[in-house]
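Summary of the model geometry
Here's the letter readout for the chains.
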Amino acid sequence: MLSDYLSRDRVRIDVKAKSIEEAVLFCGDLLVVSGCAQTGYPQAMVQTVRELGDGVVMAPHTALPHAAFTLGGLRPAIAAIQLADPLDFGGDNGPVRLLFGFCGSNADTHMEILSALATFFSQPDRISALQMAEDAEDFFRLICS
């Protein structure tokens, strides 16, 4: 199911980000560059993270930054990054190393993506494997298998 929304061009590993905002913007920019979101969408993602705080950390070491589809989602998509150095979003799920930014084009697609991500990350072995992926091809394969 995640393979319906993720493409290889929206996967990066070993991303260096000095702040949560920088990491979220990087993730959002992958959605913009690939034509899935409007240019203001990454900043809307940052604003949502500010409002929700650690509420975007929905699995151990994994954040799902996003914004309302009405704020610039053009088509349903996911961008995935593995950080070189984890960032502290707060909360009980530890420092974040994986970010899965997403956008929908309407309420239904927004919820479909969120549900697919929740199902995927209910398997802790997947999170561990993604944190250890050494290249983007391996990372992409682990998500889409």
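Heads up: these notes are all about the structure in this document. (Residues numbered from 1 in each chain as written. Predicted model: local features only at pLDDT ≥ 70, side-chain atom pairs only at ≥ 80, totals over all residues. Heavy atoms only, no water.)

1. Remarks on the packing of aromatic side chains
In the structure shown here, the tally under the stated rule is three aromatic pairs. Note on phenylalanine 100 and phenylalanine 139: the rings are 6.2 Å apart at their centroids and 20 degrees apart in plane angle, and the pair reads as stacked. Note that phenylalanine 100 is positioned in strand S5 (residues 96-103) and phenylalanine 139 in helix H5 (residues 136-144), a separation of 39 residues in sequence. One exposure class covers both phenylalanine 100 and phenylalanine 139, and it is buried. When the centroid spacing of 4.9 Å and the interplanar angle of 90 degrees are considered together, the rings of phenylalanine 120 and phenylalanine 121 count as edge-to-face. The class for phenylalanine 120 is buried, based on a relative accessible area of 6%. (Phe/Tyr/Trp six-rings, centres within 6.5 Å; stacked < 30°, edge-to-face > 60°. Helix = DSSP H or I, 4+ residues; strand = E, 2+ residues; numbered from the N terminus. Buried < 20%, exposed > 50% of the residue type's maximum accessible area, 1.4 Å probe, protein only.)

2. Some words on the pattern of salt bridges
Considering all chains together, one arrives at four salt bridges under this definition. For aspartate 138, the salt bridge is made with arginine 141, and the minimal N-O distance between the two is 2.4 Å. You can see aspartate 138 and its partner arginine 141 sitting in helix H5, three residues apart, about one turn around the helix. Accessibility expressed as a relative area gives 25% for aspartate 138, which makes it partly exposed. (Salt bridge = Lys/Arg side-chain N within 4 Å of Asp/Glu carboxyl O.)

3. Notes on the side chain of arginine 97
Structurally, arginine 97 can be placed in strand S5. In this structure arginine 97 is buried but unpaired, with aspartate 14 as the nearest side chain of opposite charge at 5.2 Å. Of the polar contacts made by the side chain of arginine 97, one reaches the backbone oxygen of leucine 83; its length is 2.7 Å. Only 2.5 Å separates the side chain of arginine 97 from the backbone oxygen of glutamine 131, close enough to count as a polar contact. Excluding residues within four positions of it along the chain, arginine 97 makes contact with His61, Ile81, Gln82, Leu83, Ala84, Pro86 and Gln131. (Lys, Arg positive; Asp, Glu negative; His and termini not counted. Polar contact = N/O pair within 3.5 Å; in protein donor to acceptor, adjacent residues only side chain to side chain. Contact = heavy atoms within 4.5 Å.)

4. A word on helix H2 (residues 41-52)
Compared with the 16 Å implied by 1.5 Å per residue over twelve residues, the 16 Å span of H2 between its first and last C-alpha is a close match. Turning to H2, its buried residues number three or more, namely Tyr41, Pro42, Ala44, Met45, Val46, Thr48 and Val49. Lining the buried residues of H2 we find helix H1 (20-33) and S5. Glycine 53, located one to two residues past H2, shows a positive phi value of around 55 degrees. (Expected span 1.5 Å × (residues − 1).)

5. Thoughts on the packing of helix H4 (residues 124-132) against H5
Two elements in contact, H4 and H5, have axes separated by 9 Å at closest approach and are oriented at 170 degrees. As the angle between them shows, H4 and H5 are arranged roughly antiparallel. In terms of crossing hand, the pair formed by H4 and H5 is left-handed. Across from Arg126, Ala129 and Leu130 in H4, the residues of H5 making contact are Phe139, Leu142 and Ile143. Grouping the amino acids of the contact of H4 with H5 by side-chain chemistry returns five nonpolar, no polar and one charged. (Axes fitted to C-alpha atoms, helices over the stretch in contact; angles between N-to-C directions. Parallel < 35°, antiparallel > 145°, perpendicular 65-115°, else oblique. Left-handed = near helix turned anticlockwise from the far one by under 90°. Nonpolar A, V, L, I, M, F, W, Y, C, P; charged D, E, K, R; others polar.)

Nothing here speaks to function; it is all geometry.
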